[in-house]
Amino acid sequence: MNVSAEVGVSGDRPDGPADVLIIGAGASGGVVARRLAEAGIRVVCLEQGAWHDRTEYRGAELDWELTARRQWSSSPNIRALPEDYPVDDERSDVSPLMFAGVGGSMILFAGAWPRMLPSDFRVRSLDGVADDWPLTYEDLRPYYERSDRQIGVSGLGGDPAYPPGEDPPLPPLPIGAGGLRVARAHSRLGWHWWPEPNAILSAPYDGRNRCVQRGTCMQGCGEGAKASTDLTHWPRAIAHGATLITGARVSRIETNSAGLATGAHWIDGAGTEHFQRANAVVVAANGIGTPRLLLMSSSEAHPDGLANSSGLVGRRLMMHPFANVTGLFDEQLESWQGHFGCSIESFEFYETDERRGFVRGAKWGLAPTGGPVNAALPSRAGAQVWGADHHLHVRSRLGHGASWGLFGEDLPDEENRVTLSATATDSSGLAAPELQYSVSENSRRMLDFHIEKASESLTEAGAHTIEVDRLMRYSGWHLLGTARMGTDPTTSVVDEWNRAHDVPNLFVVDGSCFVTSGGVNPTSTICALALRAADRMVERRHDQPVVW
Amino acid sequence: MNEISDEPPAAFAALADALVPAAHGMPAASTVVDGNRLAFVVQARPDLADPLAAIVAMPMFDDPATRLDELAAQHPELLAALHLVVVAGYYSDPHVRTLIGYPGQIVRPVSALDYPAYLDEGLLDRVIERGPIWRDPTATGHDSA
Ligand SMILES: Cc1cc2nc3c(=O)[nH]c(=O)nc-3n(C[C@H](O)[C@H](O)[C@H](O)COP(=O)(O)OP(=O)(O)OC[C@H]3O[C@@H](n4cnc5c(N)ncnc54)[C@H](O)[C@@H]3O)c2cc1C
Ligand code: SF4
């Protein structure tokens, strides 16, 4: 079997070269497509997955917790659908998670929508580690604000963890009984907390429904309340003339003797090869799919992979090692309900304090704890009880938990990398990506410190039991850094406008471009950066070399 | 797999009861996870049919607890499948859900116009009074606070 069963075409099938070919219809691909199409640029996008209908999601069904563990798992290795590529993660401490389809990994994402902080863009200057970004928080702020309006972000303005700016377009979502308990605890402790901004609608917006708090966001939102670009960006892009081809797996980007990208080869579900011509190519295939594709696009002129004269394509993979601290409470919190993006967040220990024995910090996000199957099966921390006391075990946790998720800044390391597997392939016979990734000493110390503090938080909130997963293996939600931006072509892959140093009509707009990871969920930053890059493409469209 | 889902074999019932016996006012798994419940599980997750068939096809045994220990030691993937089949069958039963006070994932539309109770309660007052806590990179190493 090959890719997805059928090729689907939304919009008019192109009969000539595209002005811009986008590879990947996920978060960043959708943002760029909408901006370019609205500016009248002829866009074609190739996406290996399908365009899913909301009625396919299982959140309202009795089998929700069963299908979440297979068909709607966030691991491509567990889902193993023809449109997924497998990832060899044997040599990785963390398993990468993603989704292939229109909307990309946003289809399964939790919807937490924090921004990076000003210090995240300046870690070399402030903390003497890694590298500064070639742009600042203030440079990105207008794009965060525009992107928030496109996405429909719910939140409360005025968070003192951030510089002042425009309020989120929608009021905050409820924080739930668990959030309230922990908020009270932080108020007593004098620790920062704030309602988390989420890419989830607290009220009808832009033709979409508000959230119904069913708590099944990570298996697809049946209401359409959670943002994903299949809802927020692609319909507009297509209405403005973009063409989106699904079931189309790109196998390599082609270049000509002038060193320009000329388009991409792709393979359909029947195994037939096609070539899409284009005057510019935008890669938006995520922090693993993008370096994989650039490495697969090696040629005589680019023996180490396309855009790889720096040798950094695939290197500096960052995945935010993640720890989880769950408190169990006597009170029934109904914590099976509520949006799965976080209810509240804390930046109390985010900024560097070297007395702690590490640099940088972590954001905490409080999440619900799932339904009865989740309560009954071994917990993230490994707790399981069978026999007569199984019933007491389930009663003590179903609805009684509140869980702090701790995302620590993952400093870049060139040895953490994506390469091409010599043995594993996807359903089209293309080399699968292989990961090499280990959690650094700085990250380990950081997580240990934050686990201790998050335990204090939940104890203050009244938890009778605290359970800790010190490093969750299936937590590679954030795929960053494998084609980093920078001003120096010897130490970066793309420039500060996401254009490849080596190939002037090739752009990388997904999470690969991150210089450092920050310690927050990255997608609001991915979308803001993609919007900024697209604005620049529109501004400079007349300077762009024409290939066809 | 049909044989299993039509009438759960005795071997499955024994193992299911060892995992989830009647206790604390709750029914035993074997009385809940009948052919219908098993059919529901296998229909949602056809990939569970083979591991389940493999478990019940193992040579007869007297002591389910020993069999569970053996599975844990030698076939942890089969044991994980068994756990999932038993709990998914058990907790999808309406009576069991009533007993544990779980109504399912119900629809509770957000009412964005409700003034958040935490603001009323003053829970953000201290956070706001403390002022900015972000570190200003332009302020040469000083936090903005
Ligand atoms: C379960 C889960 C929960 C998450 N929760 C959050 C959260 O709460 N907050 C947050 O900020 N982030 C979260 N994330 C991360 C978030 O989803 C990603 O950061 C974001 O989607 C990345 O955007 P992207 O454009 O880089 O790539 P993606 O959205 O992954 O899109 C890449 C697309 O490219 C396609 N593609 C790849 N290779 C090819 C090829 N060769 N040919 C054709 N198409 C190709 C893929 O099929 C995919 O559709 C979560 C992710 C997961 C999996
Ligand atoms: S809780 Fe809200 S955002 Fe999540 S799936 Fe339900 S309606 Fe969608």
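Above: the structure in question.
All residue numbers refer to position in the chain's written sequence, counted from 1. Chain labels run from A onward and ligand labels from 1 onward, assigned in the order the entries are written. Under the rules for a predicted model, residues below a pLDDT of 70 receive no local features and side-chain atom pairs below 80 are neither given nor counted, while totals for whole chains, interfaces and linings still include all residues. Note: side-chain values were computed over all heavy atoms of the structure, leaving out hydrogens and water.

**A short note on the pattern of salt bridges**
Definition in use: Criterion for a salt bridge: a side-chain nitrogen of Lys or Arg within 4 Å of a carboxyl oxygen of Asp or Glu. Each helix is a run of H or I in the DSSP string that is no shorter than four residues. Each strand is a run of E no shorter than two, and both are numbered from the N terminus. Only protein chains enter the accessibility calculation, which uses a 1.4 Å probe; a residue whose area is less than 20% of its type maximum is buried, one above 50% is exposed, and one in between is partly exposed.
Counted by the stated rule, this structure contains 39 salt bridges over all chains. Where Glu 348 of chain A meets Arg 130 of chain B, a salt bridge forms, and the shortest distance between an N and an O atom there is 2.9 Å. With Glu 348 of chain A in the loop between strand 12 (344-346) and strand 13 (362-367) and Arg 130 of chain B in helix 10 (residues 125-130), this pair bridges two chains. For the salt bridge of Arg 445 of chain A with Glu 441 of chain A, the shortest nitrogen-to-oxygen distance reads 3.2 Å. Note that Arg 445 of chain A and Glu 441 of chain A are positioned in helix 12 (residues 441-460) at a spacing of four residues, about one turn of the helix. Owing to a relative accessible area of 42%, Arg 445 of chain A belongs among the partly exposed residues under this scheme. By sharing partners, the salt bridges in this structure join Asp 120, Asp 127, Arg 360 and Glu 409 of chain A together with Arg 135 of chain B into a single network.

**Comments concerning the site of ligand 1**
Residue and element names in this part refer to chain A. For clarity, the cut-off: Only a single heavy atom is needed: when it lies within 4 Å of a molecule or strand, its residue is near that molecule or strand. Polar contacts, as used here, are pairs of N or O atoms within 3.5 Å; protein pairs need one atom able to donate a hydrogen and one able to accept it. Residues neighboring in sequence count only if both atoms are side-chain atoms. Working definition of accessibility: Shrake-Rupley area with a 1.4 Å probe, residue cover restricted to the visible protein chains. Residues are sorted three ways: Asp, Glu, Lys and Arg are charged, Ala, Val, Leu, Ile, Met, Phe, Trp, Tyr, Cys and Pro are nonpolar, and all the rest, Gly among them, are polar.
Close to ligand 1 lie 36 residues; Ser 28, Glu 47, Ser 105, Ala 112 and Thr 523 are nearest. Backbone polar atom of Ala 110 to a nitrogen atom of ligand 1: 3.0 Å apart, as the coordinates give it. Gly 111 is positioned with one of its backbone polar atoms (N or O) 3.2 Å from an oxygen atom of ligand 1. The fraction of the free accessible surface of ligand 1 (1000 Å²) that becomes covered by protein chains is 98%. Of all elements in the fold, only helix 1 (27-38), strand 3 (43-47), strand 7 (249-255) and helix 13 (523-539) reach the threshold of two or more residues within the shell around ligand 1. Looking at the shell around ligand 1, its residues break down into 19 nonpolar, 14 polar and three charged.

**Some points on empty space enclosed by the protein**
Residue and element names in this part refer to chain A. Cut-off, in case you're wondering: Definitions used for this entry: grid spacing 1 Å over protein atoms alone; cavity, a set of points where a 1.4 Å probe fits but cannot get out; pocket, an open set with protein on both sides within 12 Å along at least 5 of 7 lines; lining residue, one with an atom within 4 Å of a point. Grid points are joined across faces, edges and corners, and a volume is the space filled by probe spheres set on the points.
Evaluated as defined, the whole model comprises two cavities of 30 Å³ or more. The calculated volume of the largest cavity comes to roughly 130 Å³. If you go around the largest cavity, you meet 15 residues; those closest to its centre are Cys 211, Arg 214, Cys 217, Cys 221 and Glu 223. Each residue belonging to the lining of the largest cavity can be placed in one class, and the counts come to six nonpolar, six polar and three charged. Considered class by class, the residues forming the lining of the second largest cavity number four nonpolar, two polar and three charged.

**Let's talk about the site of ligand 2**
Residue and element names in this part refer to chain A. The following threshold applies: For a molecule to be placed in a cavity or pocket, more than half of its atoms must lie within 2 Å of the grid points of that cavity or pocket.
Around ligand 2, the structure places Ile 200, Cys 211, Val 212, Gln 213, Arg 214, Gly 215, Thr 216, Cys 217, Cys 221, Glu 223, Lys 226 and His 339. Taking a 2 Å distance to the grid points as the criterion, the majority of the atoms of ligand 2 fall inside the largest cavity. Looking at the shell around ligand 2 residue by residue, the class counts come to five nonpolar, four polar and three charged.

**Some words on the interface of chain A and chain B**
Applied cut-off: Note on contacts: a residue pair is in contact if any heavy atoms of the two residues lie within 4.5 Å. Once two parts are joined, some of their accessible surface, as seen by a 1.4 Å probe, is lost; buried area is that loss totalled over both.
Across the boundary between the two partners, chain A contributes 70 residues, which contact 53 residues of chain B. Note on chain A versus chain B: buried area summed over both sides is about 5200 Å², and carbon and sulfur give 66% of it. If you sort the residues of chain A by the area they bury against chain B, Leu 62, Leu 66 and His 391 of chain A come out on top, with a joint share of 13%. Put simply, chain A and chain B have five salt bridges between them. Of the charged contacts, one joins Glu 334 of chain A and Arg 108 of chain B as a salt bridge, the two residues approaching to 2.6 Å between their closest N and O atoms.

**A word on the state of the cysteines**
Here a disulfide denotes one covalent bond, and it connects the sulfur atoms of two cysteines. To keep things clear, this is the line we draw: In this description, the term disulfide denotes a pair of cysteine sulfurs within 2.5 Å.
Under the criterion given, the structure shown has zero disulfides over all chains. With no disulfide of its own, Cys 342 of chain A lies closest to Cys 217 of chain A among cysteine sulfurs, the gap being 10 Å.

**What to know about helix 6 (residues 176-189) of chain A**
Stated precisely, the cut-off is as follows: Helix span, expected: 1.5 Å multiplied by one less than the number of residues in the helix.
Over its 14 residues, helix 6 of chain A extends 20 Å from the first C-alpha to the last, a length consistent with the 20 Å expected when each residue adds 1.5 Å. Along helix 6 of chain A, the residues classified as buried are Gly 178, Gly 179, Leu 180, Val 182, Ala 183, Ala 185, His 186 and Ser 187 of chain A. Next to the buried residues of helix 6 of chain A lie strand 12, strand 13, strand 14 (401-408) and helix 12 of chain A together with helix 9 (117-120) and helix 10 of chain B. Backbone geometry just after helix 6 of chain A places Gly 190 of chain A at a positive phi near 75°.

**Structural notes on the packing of helix 2 (residues 10-19) of chain B against helix 7 (residues 76-91) of chain B**
The description of two helices packed together rests on the angle between their axes and the distance between the axes. Residues and elements named next belong to chain B. Stated precisely, the cut-off is as follows: Axis lines are fitted to C-alpha atoms, over the contacting stretch for helices. Their N-to-C directions set the angle, which ranges from 0 to 180 degrees. Here the word oblique covers every angle except those under 35 degrees (roughly parallel), over 145 (roughly antiparallel) and from 65 to 115 (roughly perpendicular).
Put simply, helix 2 and helix 7 touch, their axes get as near as 10 Å, and they point 80° apart. With respect to helix 7, the axis of helix 2 lies roughly perpendicular. Residues Phe 12, Leu 15, Ala 16 and Leu 19 of helix 2 form the contact with helix 7, whose participating residues are Leu 82, His 83, Val 85 and Val 86. For the contact of helix 2 with helix 7, the residue count by class is seven nonpolar, one polar and no charged.

**Looking at the pairing of strand 7 of chain A**
All names here are of chain A. Rules: Strand pairing follows a simple DSSP-based rule, namely that at least 2 bridges must link the two strands.
Of all seven residues making up strand 7, five are buried, and the element is well covered by its neighbours. The pairing of strand 7 with strand 8 (residues 261-267) spans six bridges and is classified as antiparallel. Within the sheet, the bridge partner assigned to Glu 254 lies in strand 8 and is Gly 263. Hairpin geometry of strand 7 and strand 8 is characterised by an intervening segment of five residues between the two adjacent antiparallel strands and by a positive phi of about 80° at Gly 259.

**Some details on the side chain of Asp 63 of chain A**
Relative to the elements of secondary structure, Asp 63 of chain A occurs in the loop between strand 3 and helix 2 (64-67). Reaching out from Asp 63 of chain A, the side chain makes a polar contact with the side chain of Arg 58 of chain A at a distance of 2.7 Å. Not counting the four nearest positions on each side in its chain, Asp 63 of chain A is found in contact with Arg 58 of chain A together with Phe 40 and Ala 44 of chain B.

**A word on the packing of aromatic side chains**
Any two aromatic rings considered together are summarised by their centre-to-centre distance and by the angle between their planes. Residue and element names in this part refer to chain A. As a reminder of what qualifies: Stacked, tilted and edge-to-face are the three classes assigned to paired rings of Phe, Tyr and Trp, where Trp is represented by its six-membered ring and a pair needs centres within 6.5 Å; plane angles under 30 degrees give stacked, over 60 edge-to-face, the rest tilted. For a Lys NZ or an Arg CZ to count as sitting over a ring, it must be within 6 Å of the ring centre and within 35 degrees of the ring normal.
Under the counting rule described, the total for this entry stands at 20 aromatic pairs over all chains. Judged by centre distance (5.3 Å) and plane angle (85°), the ring pair of Tyr 57 and Trp 72 falls under edge-to-face. Here the residue Tyr 57 occupies a position in the loop between strand 3 and helix 2, and Trp 72 occupies one in the loop between helix 2 and helix 3 (76-79), the gap between them amounting to 15 residues. We note that Tyr 57, like Trp 72, is buried. With centroids separated by 5.2 Å and ring planes inclined at 70°, the aromatic side chains of Trp 133 and Phe 514 adopt a geometry described as edge-to-face. With a gap of 381 residues between them, Trp 133 in the loop between helix 4 (123-127) and helix 5 (137-151) and Phe 514 in the loop between strand 18 (506-508) and helix 13 connect regions that are remote in the sequence. A single burial state applies to Trp 133 and to Phe 514, both of which are buried. Among the aromatic residues, those joined into a ring-pair cluster are Trp 191, Phe 349, Phe 358, Trp 364, Trp 404 and Phe 449. The ring of Trp 497 has Arg 532 sitting right over it, with the charged end atom 3.9 Å from the ring centre. Of note, Arg 536 hangs over the ring of Trp 497, and the distance from its end group to the ring centre comes to 4.2 Å.

**Notes on the side chain of Glu 351 of chain A**
To keep it simple, the criterion reads: Just so you know, the count uses Lys and Arg for positive and Asp and Glu for negative, and it drops His and the chain ends.
Take Glu 351 of chain A: it is sitting in the loop between strand 12 and strand 13. Put simply, Glu 351 of chain A is tucked away with no salt bridge, and the nearest opposite charge, on Arg 360 of chain A, sits 4.1 Å away. Setting aside residues up to four positions removed in sequence, Glu 351 of chain A forms contacts with Leu 117, Ser 119, Arg 356 and Arg 360 of chain A together with Ile 133, Trp 134 and Arg 135 of chain B.

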